[in-house]
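Here are the chains, one letter per residue:
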Amino acid sequence: MNGTSVLTKENVKKQDTNINHQESNISVLIESASQVIAPLWPISAFAARNPWTGLEKQSFEQVAGWLNNTRDIDIYPSASMILSAKSKGEIDEAFVKMGLQHWLDSHSFNIPRNVAERFCHAALKLDPLPSNLLSSLKLEKLADEFSGLNTDRIDNFLIQPISSNIANEDGERLVNILDHHVIKWCKLYLDDSQAGWTMPNRDEGFYRAWQRLIQYDPALNKIQRKSLKGWPKEAHMALKKALFALEIPNSEIQTYLEGHLLSLPGWAGMMLWRSRQSSHEHSLLTEYLAVRISMEWALLKPYLQLTNQRPEKKVSIAPLIAAWIHWGDLTIKEWSQMSAAEQNEYLSFAYSFDEKLRRKLWLEAWEQTHTDRLSQQIISKQRKIIDKKSALAQFAFCIDVRSEPFRRQLEKEGPFETIGIAGFFGLPIATSELGSDHSHSSLPVILKPQHKIKETADENELKLYQQRKQAVTSLSYTFKTMKQNVLASLLLPELSGPWLSLQMVSRSFVPRRADRFIRNLRETWLRKPNTTLSLNHVHHLEAEMPVGFSDEEKVNYARQALKMMGLTKNFSPLIVICGHSSKSTNNPYAAALECGACGGAAGGFNARALATLCNLPEVRKELSSEGIEIPEDTVFVAAEHKTTVDELHWIYVPELSEAAQEAFDRIEAIMPKVSRNANAERLAQLPNFKKELKNPKAEAHRFAEDWSEIRPEWGLARNAAFIIGQRELTQDCDLEGRAFLHNYDWNQDESGDLLANIIAGPGTVSQWINLQYYASTVAPHYYGSGNKATQTVTAGLGVMQGNASDLLAGLPWQSVMQSDHEVYHSPLRLLIVIQAPSGYVKRLLNNDSVFREKVQNGWVRLASVDPDGRWVNW
């Protein structure tokens, strides 16, 4: 792994080819190199992003070592995080000791076992080596006298962009200058209507637009501009020419490309995402690398004679000797009296048992502690299968961890059954709101929509609504145009100043009243009419996808959703399909608080579509012929769980039967208490919540409506488990909003297809969410997005820190940190718990090689609960 691509061991031999002749060959190398980054969606369509999704054929430990060696990125929790968790009782030290014993047993070393154990136990306290010892002249002398360390981990060459190793006359590394240039060009090309002027020749593609403009770039000197003047017009030819000029050996090209992609993984990730969205930009990542490495050559040209030497990563001997003196209770005299062979053995052992390994053992103990306590809680509180006929209403919630506390509070207040299912409810749709020509995919980003569902209304009412909406849009467009026009912008403050000043003052000092006033003003003006959904199939030849569903598709999607919920019998009079959404003001990350899987789409539209399908007489008739008998007085309704304020908002309530009306009235009666209790539990976790306030509901609305609030809610922080099983498995457990909950009854899944679909869909998405939170916590400088208060929204796509940083791909500090020095999110890899016989789990692992690799390589943890209630760790 050291000094080479994390992927090259499998791919380089297949790709050992001369790239100077074939465009396809460079494309193959770029495709392989792109595995080290992950696609990045625009922040307005935020989707959870596993930064290591292309690297899971390697173990977590291997990728951690590779990232540390090549980019100096550490993806294990820091010592301070571990010690903080230990002090809170989140880590059982018995698991640390067990992990240590396992490591010692699996490694051979030629020092006494008791000496090794004493050293390891002392080192595992994670205290730093004393600075006075490290600066000791005696220690320095001992290190200088040592001839060399025999270990297979030294002589490690770091394959990074050549510009990383060279500084200009002012001492600034050329790679930083290169990054600054590349960021500028990416912003120009990718701008999504935020800039007043668009990049010239943008329609010709990124590389061609850059190639036409670069010779006029005042940020380059005359010699640099001249060197690029005759550069090839085709991106792949320019890339090959730059690589040849930099004398990159064929065997190292993929690794070199990886180094450049990892330099700005956010901008590169956006290019990768765009390249997969349309054939027009399919070569965008090639163009990005062509621009970047061409500019690197122009910047490096005066220094090329210095680039043949590569930095060698040498082992520092002094800290290893200091480790034995501090943790091994050796004196300098005792060390000096050792033979060279003994010293080498001791140093090799200390080198192997380094800080990363120590923190790895602590992380695994942290995860094992969580697993052990969750298993004890579940096993001790399992209840027998209850008679579901007694449920007054059944609620289908998204598996989102924020649903768990709300479901728990709801179940306390009456005979209600709650069900967990992926919050797009199995409907592969793109949604189009009333009066809009645009659609938004409303399903996990790993899937593609197959149908478009539109909101429709009475033709006359729709026409009037569109006129009112157009007036609002025109006013907004005029304001933006005036801001970007030199002359008009001089007049704009005089016209808009009084209104904007009043808005600023009111939003700052009375945010709730101001937000309510503005919202009511907008809603009163727009007056959105009552709508229906276009569920009946309509196909236009020019449309990219059909509108609505065929009769057969209506039945298929309804049947599929009911089976995924385990709801094929014992129907209650009222069944509530609950999507979820969030609300916050002045928040670039608003979409991140919606669905972490569905690109910022709320779940209400899908919930309404499914509830409507399940109420159709023709759908019920067909389901009945298949043995799914929905009683005549059972009515499906749709609602949204507002996660920031923990309220349930009705969005589709058709005519109710007498029994359904009784259930509906009961829900309405208890919902204020449910909301109050859920709010009280959730808000207590926020660091800026004033616990002495008597009205949690009012404070929850303030968090949602205050435009200065940097943490309207915690989102999915502290997520740690994905539990697949019947609700009875966890119903009496307080899971603290840390578990994704998906219903599953293995008795109704003889083929194992339901379980396979849950793992491939919701299971994958939950893992992405988990690893995004993990990465943003352990390596915030690289995988996070910094402080919300200092972020800059750029190009209409995402955020930067300042005006020239990478496009930040992860979560902000406020989403994972309790304070400057204390984490809130526990960085644990996702634990997947399956309630099923062991044979089901074995079959799943045998049939799903991707999931098997994730488990074997440490990207997820796996456990199961068998029919006898026994917990099995896999």
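Residues numbered from 1 in each chain as written. Predicted model: local features only at pLDDT ≥ 70, side-chain atom pairs only at ≥ 80, totals over all residues. Heavy atoms only, no water.

Help me understand the overall build of the chain in this model?
Secondary structure summary: the chain contains 33 helices and 20 strands in total. Split into buried and exposed, the 874 residues of the chain put 56% on the buried side. Of the contacts formed within the chain by residues at least 6 apart in sequence, a portion of 73% connects residues at least 24 apart. For the chain, the computed accessible surface area is about 39,700 Å², with 51% contributed by carbon and sulfur atoms. (Helix = DSSP H or I, 4+ residues; strand = E, 2+ residues; numbered from the N terminus. Buried < 20%, exposed > 50% of the residue type's maximum accessible area, 1.4 Å probe, protein only. Contact = heavy atoms within 4.5 Å. Areas by Shrake-Rupley, 256 points an atom, 1.4 Å probe, with all protein chains shown as cover.)

Help me understand the sheet that holds strand 3 (residues 393-398), please; the structure alone is not making it clear to me.
Strand pairs in the sheet, formed through backbone hydrogen bonds, run parallel or antiparallel to each other. An order of 4-3-9-10-11 is seen for the 5 strands of this open sheet, with the pairing classed as mixed. Either end of the sheet is taken by a strand with one partner, and the two such strands are strand 4 (416-421) and strand 11 (647-652). Pairwise comparison of adjacent strand axes, ignoring direction, gives a mean angle of 30 degrees for this sheet. Two strands pair when backbone bridges link them, and strand 9 (residues 574-581) and strand 10 (residues 635-642) are joined in this way by 8 bridges, in the parallel orientation. Across the sheet, the residue bridging to Gly-579 is Glu-640, located in strand 10. Sitting on the sheet, helix 25 (residues 604-615) is in contact with strand 9, strand 10 and strand 11, with an inclination near 170 degrees to strand 10. (Pairing = 2+ DSSP bridges. Axes fitted to C-alpha atoms, helices over the stretch in contact; angles between N-to-C directions.)

Would you mind showing me how to read the packing of helix 5 (residues 93-105) against helix 19 (residues 355-381) here?
To characterise two packed helices, one gives the angle between the axes of the helices and the distance between these axes. The contact between helix 5 and helix 19 brings their axes to 8 Å, and the two run at 130 degrees. Accordingly, the angle class assigned to the pair helix 5 and helix 19 is oblique. As helix 5 packs across helix 19, the resulting crossing turns out to be right-handed. In this structure, helix 5 uses Glu-93, Phe-95, Val-96, Gly-99, Leu-100 and Trp-103 to contact helix 19, whose residues at the interface are Leu-357, Leu-361, Trp-362, Ala-365, Gln-368, Thr-369 and Asp-372. (Parallel < 35°, antiparallel > 145°, perpendicular 65-115°, else oblique. Left-handed = near helix turned anticlockwise from the far one by under 90°.)

Can you walk me through the sheet that holds strand 5 (residues 429-432) in this structure?
Across the sheet, which stays open at both edges, the 4 strands sit in the order 6-5-7-8 with mixed pairing between neighbours. Single-partner strands in this sheet number two, and they are strand 6 (440-441) and strand 8 (532-533). Here strand 7 (residues 451-456) runs beside strand 8; their pairing, made up of 2 bridges, is antiparallel. Bridge pairing in strand 8 links Thr-456 to Thr-532.

What should I look at first to understand the pairing of strand 4 in this one?
Every regular strand shows the same layout, with side chains that alternate between the two sheet faces. Taking burial as the measure, the 6 residues of strand 4 include 6 buried ones, the bulk of the element. Residues Phe-416, Thr-418 and Gly-420 line one face of strand 4 and the alternating positions Glu-417, Ile-419 and Ile-421 line the opposite face, and both faces are buried. With 6 bridges joining them, strand 3 and strand 4 adopt parallel strand pairing. Within the sheet, the bridge partner assigned to Phe-395 lies in strand 4 and is Thr-418. Once the chain exits strand 3 it traverses helix 20 (residues 403-412) before rejoining the sheet at strand 4, and the crossover so formed is right-handed. (Right-handed = clockwise from strand over helix to strand, strands pointing away.)

I would appreciate a short explanation of empty space enclosed by the protein in the present structure.
The gaps of empty space that remain are located by a probe, the size of a water molecule, rolled over the atoms. Taken as a whole and judged by the stated rule, the model has 9 cavities of 30 Å³ or more. Approximately 110 Å³ is the volume found for the largest cavity. Around the largest cavity, the lining is made up of 16 residues, and of these Tyr-589, Leu-593, Glu-713, Lys-788 and Ser-815 lie nearest the centre. Partitioning the lining of the largest cavity into residue classes produces 9 nonpolar, 4 polar and 3 charged. (1 Å grid on protein atoms, 1.4 Å probe; cavity = no way out; pocket = protein on both sides within 12 Å on 5 of 7 lines; lining within 4 Å. Points joined across faces, edges and corners; volume = space filled by probe spheres on them. Nonpolar A, V, L, I, M, F, W, Y, C, P; charged D, E, K, R; others polar.)

How do you make sense of the nonpolar core when you look at a structure like this?
Ranked by size, the top nonpolar core spans 230 residues in total, and within it Trp-52 and Tyr-288 carry the most contacts. Once you skip the residues sitting within four places of it in the chain, Trp-52 turns out to touch Phe-60, Val-63, Leu-67, Ile-75, Leu-771, Tyr-774, Ala-775, Tyr-783 and Trp-859. (Core = buried A, V, L, I, M, F, W, Y, C linked by side-chain atoms within 4.5 Å.)

Just checking my understanding: could you explain unusual backbone geometry for this structure?
If a residue is not glycine, its phi is most likely negative; likewise, a peptide bond is most likely trans. With a phi angle near 60 degrees, Asn-201 is a residue other than glycine that sits in the positive phi range. With respect to the element layout, Asn-201 can be found in the loop between helix 9 (174-190) and helix 10 (206-213). Its identity as a non-glycine residue notwithstanding, Glu-736 has a phi of 60 degrees, on the positive side. Residue Glu-736 is classed as exposed on the basis of its relative accessible area, which comes to 52%.

What is the right way to look at the confidence of the model for the chain in this model?
Detailed conclusions should not be drawn from predicted coordinates in areas where pLDDT is low. Confidence in the prediction for the chain averages 87 pLDDT; 86% of positions are at 70 or higher. Within the model, the stretch residues 8-22 combines pLDDT values under 50 with 24 contacts to residues more than four positions away or in other chains. Every residue in residues 152-158 is under pLDDT 50, and counting partners more than four places away or in other chains gives 21 contacts. (pLDDT = per-residue confidence, 0-100.)

Explain the side chain of His-260 here, please?
With respect to the element layout, His-260 can be found in helix 13 (residues 253-263). Polar side-chain contacts of His-260 include one of 2.7 Å to the side chain of Arg-292. Beyond its immediate sequence surroundings of up to four residues, His-260 is in contact with Pro-161, Leu-178, Tyr-288, Leu-289, Arg-292, Ile-293 and Glu-296. (Polar contact = N/O pair within 3.5 Å; in protein donor to acceptor, adjacent residues only side chain to side chain.)

Sorry if this is basic, but what is going on with a negative patch on the surface here?
A cluster of like negative charges, contributed by Glu-658, Glu-662, Asp-665 and Glu-668, occupies part of the molecular surface. Structurally, Asp-665 is set in helix 27 (residues 658-683). (Patch = residues over 30% accessible without salt bridge, like charges linked within 9 Å, V, L, I, M, F, W, Y side chains within 5 Å. Salt bridge = Lys/Arg side-chain N within 4 Å of Asp/Glu carboxyl O. Lys, Arg positive; Asp, Glu negative; His and termini not counted. Charge placed at Lys NZ, Arg CZ, Asp CG, Glu CD.)

Which parts of the structure should I look at to understand helix 20?
For an α-helix, 3.6 residues make a turn, and residues three or four places apart therefore share a direction. When you tally the buried positions in helix 20, you get 9 out of 10 residues, the bulk of the element. If you check which residues of helix 20 are buried, you get Ser-403, Glu-404, Pro-405, Phe-406, Arg-407, Arg-408, Gln-409, Leu-410 and Glu-411. Among the structural elements, strand 3, strand 4, strand 10, strand 11, helix 27 and strand 13 (739-742) are those in contact with the buried residues of helix 20.

Help me out: how do you make sense of the packing of helix 20 against helix 27 in this one?
Running from N to C, helix 20 and helix 27 cross one another at 140 degrees; their axes reach a closest spacing of 9 Å. Judged by the inter-axis angle, helix 20 sits oblique to helix 27. Along this stretch, helix 20 crosses helix 27, giving a crossing that reads as right-handed. Taken together, the residues of helix 27 that come into contact with helix 20 (itself represented by Pro-405, Phe-406, Arg-408, Gln-409 and Leu-410) are Ile-670, Met-671, Val-674, Asn-677, Ala-678 and Glu-681. Looking at the contact of helix 20 with helix 27, its residues break down into 7 nonpolar, 2 polar and 2 charged.

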